[in-house]
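Overview (structure and organization)
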Amino acid sequence: MLKNVLFYCLAAFGMFAVASPKRMVYMKNNLYPDFSTYPVYEGNDLGYVYAPTATEFKLWSPPAEAVQLKLFSQGLGGAALKTIQLKKGSQGVWSTRISGDQKGKYYAFQVKINGAWLQEVTDPYAVATGANGKRGLILDLQQTNPPGWAYDTKPKLQSPTDMLIYELHIRDLSSHASSGIAHKGKYLGLTETKTKSPEGLTTGLDHLKELGITHVHLLPVFDFKSIDETKPYDPNVFNWGYDPQNYNTPEGSYSTNAANGAVRIKEFKQMVLALHQKGIRLIMDVVYNHTGDTEQSNFNQLVPGYYFRQNNEGGFSNASACGNETASERPMMRKFLIQSVLHWVKEYHVDGFRFDLMGIHDIETMNAISKAVHAVDPTIFLYGEGWTAGGSPLADGLRALKINTKKLDHIAAFSDDMRDGIRGNVFNTTEKGFASGRPGLKESVKFGIVASTYHPDVDYNQVNYSKAPWADEPYQTITYTSCHDNHTLWDRLSITNPEDTEKDRINMYKLATTMVLTSQGVPFLHAGTEMLVTKQGYENSYNSPDSINQLNWSRKFQYKAEYDYIRTLIYMRKIHPAFRMRSSQMIREHLKFVETGNENVVAYLILNNANGDSWNTIAVMFNGSNEPQGVFLPESNWNIVLNGEKVELNGTLGKFRSTTVMVPAYSATILYTDALEGATPDK
């Protein structure tokens, strides 16, 4: 595996896909056969099926000449208790049935190809593993259910645009001493309640409930390679987890006992249950686009070459910049992805998935996944990065790139257009954005406000990356300014605006966050956004220690005014449906931009009780310059909600009837009127 996974593959920092080379044909090279001749297994029982009386094992490996199953008493070390030869059946499947209760035993597969035995590896379909994922574990999954699991109820969700996603790493939530959480760096840390910071403010799960987010997006929590699960918790040994090892079992380092494969499963379920009881849904960050190992991966050791795309020379293609890219378009890889996602939905009650480098996957597979999960639960939310880290042998038109979002079935993509419009290009760390004073990004911001959909008031020729709308409906756009990748927004402003005071940078920060929380689409916040999270200037903290990545809960007290500001904006979005319209047609009918004549000022009106809102007309204005700017509005009885400094939803900040509104430097202003009089863009 590449050291540091090529700076976490560099790719996930991307804006748009690199153009693909000419599509290749996977046939008759020196390394691999024609994979299209491999039979496709139609069943859904690969791996093992457990019963107290017998356990049946099945492995798909068409090129194998022989396959053996090894049983062990422990997850690491020790000689095999038994080695069983599997029998070859139809459709490339090898199987065996072992009588008696095999629960608690560990197992691995080994195949013989071209007269040589390949490495002993974990079953790709393993639903439980021992420490470090080296062997699968046979168990009864029902016995891993915590008390109350049978009565777990998903929080209600009427529309995807009602969502507010909060991206979080398991360890970051609890590892700092100020968290007040006992189970530091563990799944159980996200189940604890009544935890407090040294200043007496809520932390952890209660904080998430208090903040008002609807979904927690967890960075990879499937079993990944880079953390040694046999060693005690070490605050200096950390990884985001984008080096997949076993896709269908939780990561053991986040459990209280990694050696016991059942413990991590039960504690993961306890976490899901605790979130649901607080009214919060769970999204998993899934990395199906590549594996942590390439040659030595269990996929490649069981069916060499099949699960990965090849380049023209017959080697592994590398659109992930991590050494390989998976071949989602091949039938048995597609089957694996669908069954894996369904496993998390059915067994763990997961509510959504974020697909890392989704642009590597083919559109047909992504739509098949969508169809499968939405047949189980129509409210499950799917989204991903609509780009890659490099060229792929699969043609651009066949892949789930941002530009192809309209071809995707109920799947959203991140808007790098809005992200970089607000903060500046992620690849140029000194470049300013709209919120920090750079002109020329007005249309990119407007494009983000309408969630990448068609709107007659947007000049698409002036949008930074997309010269045409790429979303049909607002739920297809994830609106954000920062995530785990790159500098945090607060650190970025320190780099781009070092000459400004902290107060000025706080104003820029509030402006940027306001733009996300008032735009259409699905807003997405990086953990700690509400308390000006910093990583001390580190841009790529994928393996930095806890001291760099963790949430310092004392910042909630230090920046209490900013926390209250952001929390109130979240509440405003939740109670005012005008900010979360459900269709692009509704946006075009109700949202009208106001011409400001200033490249650093964006203003718009939301008219006529949009989406059933109690506010008849809403005026939203963003000033990205260092001077107050006037905006001409229709004359009406305006109530002030946000005056650039404070936000009060009951209108107690004041009223006025003037047609010119002065928007303070680096700030947002929001007004509303209960009366229709004068509140149209034509007056």
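As the structure is a computational prediction, the values presented were derived from the model and not from experiment. (Residues numbered from 1 in each chain as written. Predicted model: local features only at pLDDT ≥ 70, side-chain atom pairs only at ≥ 80, totals over all residues. Heavy atoms only, no water.)

1. Considerations on the sheet that holds strand 10 (residues 165-168)
We count it as follows: Here, a strand pair is defined by DSSP locating no fewer than two bridges between the strands. Helix and strand labels come from DSSP, where a helix needs a run of H or I of at least four residues and a strand needs a run of E of at least two; each type is numbered from the N terminus. Only the stretch in contact is used when a helix axis is fitted, and all axes are lines through C-alpha atoms; the angle between N-to-C directions ranges over 0 to 180 degrees. Between two residues, a contact is recorded if the distance between any of their heavy atoms is within 4.5 Å.
Spatial strand order, 10-11-14-15-16-17-18-19: eight strands in a closed barrel with parallel pairing. Sheet twist, expressed as the average angle between the axes of neighbouring strands with direction ignored, equals 30°. Two elements, strand 10 and strand 19 (residues 522-526), share three bridges in a ladder whose sense is parallel. Residue pairing for strand 19: I165 is matched across the bridge by F524. With respect to the sheet, helix 4 (residues 261-277) is in contact with strand 11 (215-218) and strand 14 (281-286), its orientation differing from that of strand 14 by roughly 135°. The strands that helix 11 (residues 502-518) touches are strand 18 (477-479) and strand 19; relative to strand 19, the one it contacts most, it runs at about 145°.

2. Re the environment of M621
The following threshold applies: Relative accessibility thresholds used throughout: buried, under 20% of the residue-type maximum; exposed, over 50%; partly exposed, between the two (1.4 Å probe, protein chains only).
Relative to the helices and strands, M621 resides in strand 22 (residues 617-623). Judged by relative accessible area, M621 falls into the buried class, the value being 0%. Separated by ten residues in the primary sequence, M621 and V631 have C-alpha atoms spaced 7.9 Å apart. If we ignore the near neighbours within four places in the chain, the residues touching M621 are V602, A603, V631, L633, V661, V663, S667, A668, T669 and L671.

3. Points about the layout of surface pockets
Just so we agree on the cut-off: Only protein atoms enter the 1 Å grid, on which a cavity is a set of points fitting a 1.4 Å probe that cannot get out and a pocket is an open set with protein on both sides within 12 Å along at least 5 of 7 lines, lining residues being those with an atom within 4 Å of a point. Grid points are joined across faces, edges and corners, and a volume is the space filled by probe spheres set on the points.
There is about 580 Å³ of room inside the largest pocket. Around the largest pocket, the lining is made up of 21 residues, and of these N44, Y48, V127, L141 and H343 lie nearest the centre. Among the secondary structure elements, those contributing two or more residues to the lining of the largest pocket are strand 1 (47-51) and helix 6 (331-348). Take the lining of the largest pocket: its biggest share by element is seven residues, from helix 6.

4. Focus on the side chain of T673
Inclusion rule: Polar contacts, as counted here, are pairs of nitrogen or oxygen atoms within 3.5 Å of one another; within protein the pair requires one atom able to donate a hydrogen and one able to accept it, and residues that are adjacent in sequence qualify only if both atoms are side-chain atoms.
Among the structural elements, T673 can be located in strand 27 (residues 667-673). Within the structure, the side chain of T673 is placed 3.3 Å from the side chain of S636, a separation counted as a polar contact.

5. Regarding the packing of aromatic side chains
Operational definition: Only rings of Phe, Tyr and Trp enter the pairing, Trp through its six-membered ring, and a pair is recorded when the two centres are within 6.5 Å. The plane angle decides the type: under 30 degrees is stacked, over 60 is edge-to-face, the rest tilted. Distance and angle both matter: a charge sits over a ring if NZ of Lys or CZ of Arg is within 6 Å of the ring centre and within 35 degrees of the ring normal.
Tallying each qualifying case throughout the model produces 41 aromatic pairs. Considering the side-chain rings of F414 and Y480, the 5.0 Å spacing of their centres and the 65° angle between planes classify their relative orientation as edge-to-face. In this pair, F414 is assigned in strand 17 (residues 412-414) and Y480 in the loop between strand 18 and helix 10 (489-496), connecting sequence segments 66 residues apart. Summarising the burial analysis for this pair, F414 and Y480 share the class buried. The side chain of K269 reaches across the aromatic face of Y348, ending 5.7 Å from its centre.

6. A few points about the pairing of strand 11
A two-sided burial pattern is seen for strand 11, the buried positions comprising H215 and H217 on one face and V216 and L218 on the other. Examined bridge by bridge, strand 10 and strand 11 share four bridges and lie parallel to one another. Bridging from a neighbouring strand, I165 pairs with H215 of strand 11. As paired strands, strand 11 and strand 14 are joined by four bridges and run parallel to one another. Each residue of the ladder has a partner; that of H217, found in strand 14, is I283.

7. Digging into the packing of helix 11 against helix 14 (residues 560-575)
Threshold: Note on terminology: angles under 35 degrees are roughly parallel, angles over 145 are roughly antiparallel, angles of 65 to 115 are roughly perpendicular, and the others are oblique. The hand of a helix crossing depends on one turn: near helix anticlockwise from the far one by less than a right angle means left-handed, and clockwise means right-handed. Residue classes follow a fixed rule: Ala, Val, Leu, Ile, Met, Phe, Trp, Tyr, Cys and Pro count as nonpolar, while Asp, Glu, Lys and Arg count as charged, and any other residue, Gly among them, counts as polar.
Where helix 11 meets helix 14, the axes come as close as 10 Å, and the angle between the chain directions of the two elements is 15°. Taken together, the axes of helix 11 and helix 14 are roughly parallel relative to one another. The interaxial crossing formed by helix 11 with helix 14 has right-handed handedness. Between helix 11 and helix 14, the contacting residues are I506, Y509, K510, T513, T514, V516, L517 and T518 on the first element and E562, Y565, I566, L569, I570, M572 and R573 on the second. For the contact of helix 11 with helix 14, the per-class residue count stands at nine nonpolar, three polar and three charged.

8. Topic: empty space enclosed by the protein
Following the criterion strictly, the structure yields six cavities of 30 Å³ or more and no others. Of the pockets and cavities examined, the largest cavity occupies roughly 100 Å³. What lines the largest cavity is a set of 13 residues, and nearest its centre among them are H169, D172, H526, A527 and K535. Reported here for the second largest cavity is a volume of approximately 80 Å³. If you trace the second largest cavity, you find 13 residues lining it, with L59, W60, P124, Y125 and Y307 closest to the centre. For the lining of the second largest cavity, the secondary-structure elements that each account for two or more residues are strand 2 (54-60) and helix 5 (298-302). Here the lining of the second largest cavity is built from residues that sort into nine nonpolar, two polar and two charged.

9. A word on helix 6
It helps to recall that an α-helix has 3.6 residues per turn; residues three or four apart then point in one direction. Worth spelling out the cut-off: Expected helix span is computed as 1.5 Å times (number of residues minus one).
Over its 18 residues, helix 6 extends 25 Å from the first C-alpha to the last, a length consistent with the 26 Å expected when each residue adds 1.5 Å. Within helix 6, 16 of the 18 residues are buried, which leaves it mostly tucked inside the rest of the structure. Where helix 6 terminates, the next one or two residues include H349, which has phi positive at roughly 60°.

10. A word on unusual backbone geometry
Even without glycine at this site, H349 takes up a positive phi of about 60°. Using a relative accessible area of 18% as the deciding quantity, one classes H349 as buried.

11. Focus on the packing of helix 8 (residues 416-423) against helix 9 (residues 442-449)
It is the contact of helix 8 with helix 9, at a shortest axis distance of 8 Å, that shows an interaxial angle of 135°. Classified by the angle their axes make, helix 8 and helix 9 are oblique. Along this stretch, helix 8 crosses helix 9, giving a crossing that reads as left-handed. Contacts between helix 8 and helix 9 involve D417, M418 and G421 from the former and S444, V445, F447, G448 and I449 from the latter. Residue composition of the contact of helix 8 with helix 9, grouped by class: four nonpolar, three polar and one charged.

Remember, this is a structural readout, not a statement about activity or role.
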